[in-house]
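Survey of secondary and tertiary structure
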Amino acid sequence: MDIAVAPFDPSDEAALDDAYRIRAAAQVVDTPDVPAGDRAEFGLVAAHPPYGNLIHRALARRGGEAVGYLWLRLPQLDNTSTVLVELFVDPAHRRRGVGRALLAHAREVALAHGRKHLIAEVDGVPPGEDRQPPGAAFAAAVGAQAALPMVRRRLDTTGLDEAALTALHEQARSRAVGYRTVAWQGAAPEEYVADVARLEARLLVDAPTGDLAMEAERVDAARIREIERFQALRGRRRYHLGAVHEQTGRLVAWTMIQTGPFTNWYASQEITIVDPAHRGHRLGLLVKIENLRQVLAQEPELRVIDTWNAAVNDHMVSINEQLGYRVAESAADWQLTL
């Protein structure tokens, strides 16, 4: 039976229903410990796409039934040779050509926009499992390369060692003479937004990117405000903690944890970055501990925080493991050159 792939508009609620059903079914099989979110949150994400990106959505149908979902993000402000890909096939319809049909559509879209690389985060396997996950097997079969090995670690917030956490905080604070911390939720205070932009722009400079065809992003205060706006429209709750260099008043370290509007037990640890000129003062550890405490004080139902790091990012991995994060999954970012 032929497979037909066609784009759809985010205002098409029936298509969104199909896309959500496929994505949720795939996630239950591929990463059952990570919540897929509910249909309402899926709709918020579709209605409020990320600033500075063109989003393309498509469904694969066989015999009129939706069996695959494709989401493409084409950056417009930088990294304009790449397309970020999310590809989901209903587990009941795998190994029947649906994934290849969706990938062929992704290629067409990418080439029509002058793009050279498709990049996708591909789920991996939990510790102790010696197998190739379906996503990685598919990526290898179509000629993609594992460009950046990644590891997802998980913190069980119900089992925190408070005494150890306090000792770590005291050690970090003793090294951070000349710095003070500042906490906020949602939008950055006006006096720090330019520094947040400067630190955000460093992420793809400082963090390992392996063989990915990614360049540093050009981020300014206006771009940060747009990011904040669409995250608020999506109902995301975002908790930030920064370190300020008292002599200059500049924000020189920053970390953020975010959670969604409907899954109160789960959050993700996002960016943590320290200005290179201010490293060696345990600022990364300091801001992460204080932000963890901020989040737990505001989110009483929170039980799990996940974080993703490049496997070779030894410094950040060390900090996370000191806080109690443990390996949940080994994965990779895969890249297909067109």
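Residues numbered from 1 in each chain as written. Predicted model: local features only at pLDDT ≥ 70, side-chain atom pairs only at ≥ 80, totals over all residues. Heavy atoms only, no water.

Turning next to the sheet that holds strand E6 (residues 145-156). Spatially, the twelve strands line up as an open sheet ordered E1-E2-E3-E4-E5-E12-E6-E11-E10-E9-E8-E7, and their pairing is mixed. Pairing within the sheet leaves two strands with one partner each, and these edge strands are strand E1 (3-7) and strand E7 (179-185). The mean inter-strand angle of the sheet, taken between neighbouring strand axes irrespective of direction, is 25 degrees. Bridge analysis of E1 against strand E2 (residues 53-62) gives five bridges, and the strand direction is antiparallel. Within E2, the position partnered with Ile3 by the bridge is Arg62. Sheet contacts for helix H1 (residues 13-30): E2, strand E3 (65-75), strand E4 (82-89) and strand E5 (117-125); angle to E3, the most-contacted strand, approximately 90 degrees. In the packing of helix H3 (residues 98-112) onto the sheet, the strands contacted are E1, E2, E3, E4, E5 and strand E12 (326-337), and the crossing angle to E3 comes to about 30 degrees. (Pairing = 2+ DSSP bridges. Helix = DSSP H or I, 4+ residues; strand = E, 2+ residues; numbered from the N terminus. Axes fitted to C-alpha atoms, helices over the stretch in contact; angles between N-to-C directions. Contact = heavy atoms within 4.5 Å.)

This part takes up the nonpolar core. Ranked by internal contacts, the top residues of the largest apolar core, which has 28 residues, are Leu283, Leu285, Ile305 and Leu323. With seven residues, the single largest contributor to this core is helix H8 (residues 283-298). Each residue touching Leu285, except ones within four places of it in the same chain, is listed here: Leu168, Ala172, Ile319, Gln322 and Leu323. Judged by nonpolar contacts, the second largest core, of 24 residues, contains Val89, Ala106, Ala139 and Ala332. (Core = buried A, V, L, I, M, F, W, Y, C linked by side-chain atoms within 4.5 Å. Buried < 20%, exposed > 50% of the residue type's maximum accessible area, 1.4 Å probe, protein only.)

Taken across its eight residues, E4 has six buried, putting it largely inside the fold. Note: E3 against E4, six bridges, orientation antiparallel. Residue pairing for E4: Arg73 is matched across the bridge by Leu84. Hairpin remark: E3 followed by E4, antiparallel, with six residues in the connecting loop; positive phi at Asn79, about 50 degrees. Judged from the four bridges that link them, E4 and E5 form a sheet pairing that is parallel. Residue Val85 lies in a different strand from E5, and its bridge partner there is Ala120.

Structurally, Thr31 is set in the loop between H1 and helix H2 (39-47). If we ignore the near neighbours within four places in the chain, the residues touching Thr31 are Asp123 and Glu329.

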